[in-house]
Amino acid sequence: MDVTQTTAEGLKREFRVVVPAADLETRLNDRLVRLKDQVRLNGFRPGKVPVAHLRKLYGRAVMAEAIEELVRETNAKIVTDNGFKLAMDPQVKMPEDKAEIEAVVDGKNDLAYTVALEVVPAIELADFKGVSLERLVVEVGPEEIQEALKRLADGNKPYTAKAEGAAGETGDRLTISFVGRIDGEPFEGGTGEDIQLVIGSGQFIPGFEDQLLGAKAGDTRTVSVTFPENYLAEKLAGKAAEFDVTVKSVEAPGEVAIDDDFAKKLGLESLAKLEEAIAERIKADYTAQSRQKLKRQLLDKLDELHKFEPPPTLVDEEFKAVWETVLSDLKTQNRTFADEGTDEEKAKAEYRGIADRRVRLGLVLAEIGEKNAIKVTDEEISRAIIERARQYPGQEQQVWDFYRKNPGALASVRAPIFEEKVVDYILELATVTDRTVPKDELFKDDEQAAA
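Nothing here was measured: the structure is a model prediction, and the numbers come from that model.

**Q** Requested: an account of the packing of helix H4 (residues 142–155) against helix H6 (residues 271–305), with residues and values cited.
**A** A pair of packed helices is characterised by two quantities: the angle between their axes and the separation of those axes. One can describe the packing of H4 onto H6 by two numbers: an axis separation of 10 Å at closest approach and a directional angle of 105 degrees. Comparing the axis directions of H4 and H6 gives the class roughly perpendicular. Within the contact between the two elements, H4 uses Glu 144, Ile 145, Gln 146, Ala 148, Leu 149 and Leu 152 and H6 uses Leu 271, Leu 274, Glu 275, Ile 278, Ala 279, Arg 281, Ile 282 and Tyr 286. Looking at the contact of H4 with H6 residue by residue, the classes come out as ten nonpolar, one polar and three charged.

The following block contains the structure:
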């Protein structure tokens with residue numbers, strides 16, 4: 001067998017492989033000998049079928065299998081001998097001439113083909129002990145606990161029926177039924193029965209609740225609204241609609257005393273224990289946000305410290321996935337690139353840069369994990385799948401089976417666990433300084449991005 005490298009441009013490699021017909025013949029005979037002990041043919045005792053007869057019956061099919069096996073083995077040997085890490089599966093190009101292929105399968109000609117590879121570049125990792133990061137810390141204050149308590153109490157207010165003929169006011173709870181129409185025709189999702197609505201809560205689209213102010217039990221009103229341009233249901237976005245609303249009842253909110261009895265209704269033994277639980281929950285939220293910001297800082301540092309050409313195919317695939325998401329989001333929100341203050345070409349350049357960064361950082365994290373033997377255990381994957389399954393009560397077994405039977409889905413579970421473990425490893429080496437900040441600073445960037 002003769003293997004010759006013909007191309008070495010950037011991260012692309014190409015090899016020409018020539019396999020003598022005699023080598024293929026040897027492989028064919030070996031496979032036919034093994035096949036002799038497996039097949040059962042009328043007129044022959046088991047294991048006694050002549051190889052020549054098998055060749056006549058199955059020769060071409062077995063030769064095709066032998067060629068396929070040889071190509072796999074040869075590609076693997078090229079990768080191993082050259083110490084390549086592949087960015088994509090090898091791309092094999094066989095002769096295009098049908099007669100030439102037929103001659104190879106018939107054992108008359110040598111097999112000659114090319115294999116194109118795209119490799120991952122060698123990555124020189126930075127010294128992470130020289131990385132300095134800042135972790136934002138927010139202390140949970142008593143006023144936040146009290147605010148959370150008030151929101152909790154508001155969400156657990158008792159409602160009592162108002163006097164007959166009493167009008168609904170802001171804060172009152174109405175029980176309503178409605179039928180919505182667009183251009184006089186009912187539309188999907190526009191009907192509701194015995195729906196509870198607190199006036200002023202913003203549960204419904206803008207303008208709906210305001211038109212129910214002053215409504216009494218037994219009233220029927222026509223509510224005219226326009227769905228927002230960015231409404232999630234694309235078919236309804238920007239459409240004018242009318243709802244025939246029947247008010248079943250009007251209830252006024254009562255007061256909730258925030259005391260030990262209130263805590264006990266929520267399953268805690270005292271108000272003090274409820275306040276502790278709220279403080280822990282707020283602290284967990286702050287810790288998660290702080291971790292997210294710290295990780296973002298770290299990834300920015302890794303981006304600065306590791307500049308190299310990522311495999312073009314990986315970047316193309318990542319860009320394609322990102323771009324499809326961008327277009328889908330714009331379509332869902334009924335927006336254009338002009339609405340975003342840009343145009344398609346500028347947006348493509350920006351998101352290609354994002355794809356480039358994601359691929360490079362993914363390769364860097366993978367390299368760190370490999371060089372430091374960072375592994376994701378089966379137990380860790382199982383715990384993650386169980387957590388996902390719990391989000392679908394009654395379907396836990398189906399969710400579990402789905403992940404266990406689908407390698408791609410299983411990889412989607414493993415990847416974030418691996419990434420977090422690598423991040424933890426780097427943070428152990430880096431210098432991380434805590435800085436106490438107000439809550440607003442911890443969430444500032446995210447709020448600006450949302451705006």
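**Q** Residue-level account of the confidence of the model for the chain, with values.
**A** When pLDDT is averaged across the chain, the result is 91; 96% of the residues are at 70 or more. Taken as a whole, residues 447–451 scores under 50 in pLDDT and shows zero contacts with residues more than four places along the chain or in a different chain.

**Q** Could you give an account of the packing of aromatic side chains, naming the residues involved and the relevant values?
**A** All chains considered together, the criterion is met by 14 aromatic pairs. Ring geometry for Phe 319 versus Trp 323: centroids 5.7 Å apart, planes at 20 degrees, classification stacked. Of this pair, Phe 319 and Trp 323 both sit in helix H7 (residues 312–333), four residues apart, which is roughly one turn of the helix. For the residue pair Phe 319 and Trp 323, the accessibility class agrees, reading buried in each case. The ring of Phe 418 carries Arg 414 above its face, with NZ or CZ at 5.1 Å from the centroid.

**Q** Give me the sheet that holds strand S4 (residues 111–118): which residues, what numbers.
**A** One open sheet holds the four strands; their spatial order is S1-S2-S4-S3, and the pairing between them is antiparallel. Strand pairing shows two members of the sheet lacking a second neighbour, strand S1 (2–9) and strand S3 (91–93), which therefore form its edges. On average, each strand axis in the sheet is inclined to that of its neighbour by 20 degrees, with strand direction left out of account.

**Q** Tell me about the pattern of salt bridges, residues and numbers included.
**A** Scanning all chains against the criterion turns up 37 salt bridges. Across the pair Arg 72 and Glu 68 runs a salt bridge whose closest N-O atoms are separated by 3.4 Å. Taken together, the residues Arg 72 and Glu 68, both in helix H2 (residues 51–82) and four residues apart, mark about one turn of the helix. Between Arg 383 and Glu 379 there is a salt bridge whose closest N-O contact spans 3.0 Å. Placement of the pair is Arg 383 and Glu 379 together in helix H9 (residues 378–389), with a separation of four residues, close to one helical turn. Its relative accessible area of 46% is what places Arg 383 among the partly exposed residues. One continuous salt-bridge network, built from bridges that share partners, spans Asp 300, Asp 303, Lys 307, Asp 356, Arg 357 and Arg 360.

Reading the values: rules and limits
- Residues numbered from 1 in each chain as written.
- Predicted model: local features only at pLDDT ≥ 70, side-chain atom pairs only at ≥ 80, totals over all residues.
- Heavy atoms only, no water.
- Axes fitted to C-alpha atoms, helices over the stretch in contact; angles between N-to-C directions.
- Helix = DSSP H or I, 4+ residues; strand = E, 2+ residues; numbered from the N terminus.
- Parallel < 35°, antiparallel > 145°, perpendicular 65-115°, else oblique.
- Contact = heavy atoms within 4.5 Å.
- Nonpolar A, V, L, I, M, F, W, Y, C, P; charged D, E, K, R; others polar.
- pLDDT = per-residue confidence, 0-100.
- Phe/Tyr/Trp six-rings, centres within 6.5 Å; stacked < 30°, edge-to-face > 60°.
- Buried < 20%, exposed > 50% of the residue type's maximum accessible area, 1.4 Å probe, protein only.
- Lys NZ or Arg CZ within 6 Å of the ring centre and 35° of its normal.
- Pairing = 2+ DSSP bridges.
- Salt bridge = Lys/Arg side-chain N within 4 Å of Asp/Glu carboxyl O.

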